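Descriptive analysis of the structure
Okay, here's what each chain looks like letter by letter:
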Amino acid sequence: MPKTPVIIDTDPGQDDAFAILLALGAPELEVLGLTTVAGNMGLAQTTDNARRIVELAGRGAVPVHAGSDRPLLRAPRPVPEIHGETGIDGWDWALAKQGPAEGHAVDFIVRSVLAHPAPVTLIVLGPQTNIALALRREPRIADNIARIVFMGGGYFEGGNMSPAAEYNILVDPEAARIVLGAGIPVTAVPLDCTHAAPAPVNWSAELEAEGTEVMRACGGMMRFFERYGNAKYGTQSRPLHDAVAVGALLWPELFTGRLCPVDVECAGELTTGMTVVDWLRQTGKPDNCLWLNGCHDPAELYRRMKTALMQLPGRGRD
Ligand code: BDR
Ligand code: CA
């Protein structure tokens, strides 16, 4: 089977780190590059984190392009209270050996998508600023994008940063609106889906027990990431939101959802950043998004994730 070419747009983030490692370890995917955006942390930090992650994986040749340092119209909203001071707290990271690749993320996306012989899938794990700018810069890329899979939004579950809004959409709602309106096949992996896919309880210990540097880093990040969420939600384990999105691309049979019209509220007094999902198709608007709302078998999802993570060569064999 030919590999699916993907570009990962990201703001690491522990759950972004898992998503990137999962994509790098999955034999079904060819990661053309990573593009970074201001989100969980400022741009310099998310870019450095992305470099550290590809190098930890032993895949330092994968280019990391720095992108937008702020949302289209709004101020950045870093969240160190969730992800720690570095964004990927929980592991004693080695310094990145290389800096980012030359060229802005938006240029990389435009160039790579236009040049690739097969349609490219975009995996979008943070605020959607870079993708919106790429679509505005060169609308022809839409013709060679197979699908956009994004983690973001919430309808049945509400929001995690306000009662109505999930973080990635709240930070740059205008960008999300552009992406959803671009006429490209979109799969949304919102809180409705990720909250149905919590990691196994004590997964961190299970990962660490594998003993390799990659798995110990994953265990440490998992332990850190869960602390905030478990305290907030009163749970015993948390979903790795962004990794669930990569899982949904790899293993759609594990998920449920519906193709329907989805839009983003950009001006609500109480609801800015809300994803408005026409689940019952009451608006008569065209279906623009496969909205995932569940996961049949979270245990199987995380078992497969772990298998893919175990495929990574690790540092030193780059
Ligand atoms: C999303 O927000 C970020 O903090 C995470 O990395 C994830 O992309 C979850 O709402
Ligand atoms: Ca993220």
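Preceding this section is the structure that the text describes.
Now for a look at the structure at hand. (Residues numbered from 1 in each chain as written. Chains lettered and ligands numbered in written order. Predicted model: local features only at pLDDT ≥ 70, side-chain atom pairs only at ≥ 80, totals over all residues. Heavy atoms only, no water.)

1. A look at the pairing of strand β1 (residues 4–10)
Rule in force here: For each residue, the accessible area found with a 1.4 Å probe, counting protein chains only, is set against the maximum for its type, and the residue is called buried under 20%, exposed over 50%, and partly exposed in between. By the criteria applied, helices consist of DSSP H or I runs no shorter than four residues and strands consist of E runs no shorter than two, each listed in order from the N terminus. A strand pair is defined by DSSP finding two or more bridges across the two strands. By convention a crossover is right-handed if, when the strands point away from the viewer, the path from the first strand over the helix to the second runs clockwise.
Extensive coverage of β1 is indicated by the burial of six of its seven residues. For β1 and strand β2 (residues 29–36), the ladder comprises seven bridges, and the chain directions are parallel. Looking at the pairing, I8 lines up with L34 of β2. Following the chain from β1 across helix α1 (residues 14–25) to the adjacent parallel β2, one finds a crossover that is right-handed.

2. Looking at the layout of surface pockets
We count it as follows: For cavity detection a 1 Å grid was placed over the protein atoms alone, and a set of points counts as a cavity when a 1.4 Å probe fits there but cannot get out; an open set counts as a pocket when protein lies on both sides within 12 Å along at least five of seven lines, with lining residues being those that have an atom within 4 Å of a point. Grid points are joined across faces, edges and corners, and a volume is the space filled by probe spheres set on the points. Put simply, Ala, Val, Leu, Ile, Met, Phe, Trp, Tyr, Cys and Pro go in the nonpolar bin, Asp, Glu, Lys and Arg in the charged bin, and everything else, Gly too, in the polar bin.
Put simply, the largest pocket is a space of about 260 Å³. Contributing to the lining of the largest pocket are 15 residues, with P261, V276, D278, T283 and K285 lying nearest its centre. By residue class, the composition of the lining of the largest pocket is eight nonpolar, three polar and four charged. What the second largest pocket holds in volume is close to 170 Å³.

3. Observations concerning the coordination of the calcium ion (ligand 2)
Going by this rule: Because no water is among the atoms considered, metal sites can look incomplete, with donors defined as N, O and S atoms within 2.8 Å of the metal, or 3.2 Å for Na, K and Ca.
In this structure, D11 (OD), D16 (OD), D16 (OD), L125 (O) and D242 (OD) serve as the protein donors to the calcium ion (ligand 2), at separations of 2.3 to 2.6 Å. Mapping the donors of the calcium ion (ligand 2) onto the primary sequence yields the spacing D-x4-D-x108-L-x116-D. In this pair, D11 is assigned in the loop between β1 and α1 and D242 in helix α11 (residues 241–250), connecting sequence segments 231 residues apart. In terms of burial, D11 and D242 fall into one category: buried.

4. Brief notes about the site of ligand 1
Our working definition: Only a single heavy atom is needed: when it lies within 4 Å of a molecule or strand, its residue is near that molecule or strand. Nitrogen and oxygen atoms within 3.5 Å of one another constitute a polar contact, given that in protein one can donate a hydrogen and the other can accept it, and given that sequence-neighbouring residues count only through two side-chain atoms. Per-residue and other accessible areas were derived by the Shrake-Rupley procedure at a 1.4 Å probe size, with only the shown protein chains allowed to occlude residues.
In the region of ligand 1, the neighbouring residues are D15, D16, N40, H83, L125, M151, N160, E166, Y167, N168, H241 and D242. At a separation of 3.0 Å, an oxygen atom of ligand 1 approaches a polar backbone atom of L125. Between an oxygen atom of ligand 1 and a side-chain N or O atom of D242, the distance comes to 2.7 Å. Burial of ligand 1 by the protein chains amounts to 97% of its free accessible area of 280 Å². Those elements that provide at least two residues to the shell around ligand 1 are α1, α6 (167–171) and α11.

5. Brief notes about the packing of aromatic side chains
So the rule is basically this: Planes of paired rings set the category: under 30 degrees apart is stacked, over 60 is edge-to-face and the rest tilted, where pairs are Phe, Tyr or Trp rings (Trp by its six-membered ring) whose centres lie within 6.5 Å.
Tallied over the entire structure, the rule returns four aromatic pairs. Centroid distance Y155 to F156: 5.1 Å. Interplanar angle 80 degrees. Geometry classified as edge-to-face. Here Y155 falls in the partly exposed class, since its relative accessible area comes to 33%. Their ring planes at 85 degrees and their centres at 5.1 Å tell us that W203 and Y302 sit as a pair that is edge-to-face. Here W203 is found in helix α9 (residues 203–208), whereas its partner Y302 is found in helix α12 (residues 298–309), with 99 residues between them in sequence. Just as W203 is buried, Y302 falls in that class too. Every member of this aromatic cluster is reached through a ring pair, and the members are F18, W203 and Y302.

6. Topic: the pattern of salt bridges
Threshold: Salt bridges are defined by distance alone: a side-chain nitrogen of Lys or Arg within 4 Å of a carboxyl oxygen of Asp or Glu.
Across all of its chains, the model carries 15 salt bridges by this definition. Here the salt bridges share partners, and the residues they tie into one network are E253, E300, R303 and R304.

7. Describing the nonpolar core
The line we're drawing: As used here, the term nonpolar core means buried Ala, Val, Leu, Ile, Met, Phe, Trp, Tyr and Cys residues forming a set that is joined through side-chain atoms within 4.5 Å. Contact criterion: two residues are considered in contact whenever any of their non-hydrogen atoms come within 4.5 Å of each other.
With 59 residues, the main nonpolar core has F18, W203 and L301 as its most contacted residues. Ranked by residues supplied to this core, first place goes to α1 with eight residues. When sequence neighbours within four positions are dropped, the list of residues in contact with F18 reads W203, L207, C218, M221, M222, L240, A243 and L309. Counting residues in each nonpolar core, the second largest holds 32 residues, with F108, I169, L180 and W279 among its members.

8. Details of the state of the cysteines
Our working rule: Two cysteine sulfur atoms make up a disulfide if the distance between them is within 2.5 Å.
Tallied over the full model, the rule gives zero disulfides. Cysteine C193 is unpaired, with the sulfur of C295 as its nearest cysteine sulfur at 6.3 Å. Lacking any disulfide linkage, C289 is separated from the closest cysteine sulfur, that of C260, by 6.6 Å. Residue classification places C289 among the buried residues on the basis of a relative accessible area of 0%.

9. So, the side chain of E138
Position of E138 among the secondary structure elements: in the loop between α5 (129–137) and β5 (145–151). Those residues in contact with E138 that lie beyond four places of it in its chain are V110 and L114.

10. A word on empty space enclosed by the protein
Leftover empty space is mapped by rolling, across the atoms, a probe with the size of a water molecule. Summed over all chains, the structure comprises one cavity of 30 Å³ or more. Of the voids in this model, the largest cavity is the one considered here, and its volume is about 310 Å³. Around the largest cavity sit 24 residues that line it, and I82, H83, N160, F225 and H241 are the ones nearest its centre. Listing elements by their share of the lining of the largest cavity, those giving two or more residues are α1, α3 (80–83), α6, α10 (213–233) and α11. Here the element with the most residues in the lining of the largest cavity is α10; it accounts for five residues. A per-class count over the lining of the largest cavity returns 10 nonpolar, seven polar and seven charged.

All quantities given are derived from atomic positions and should not be read as evidence of function.
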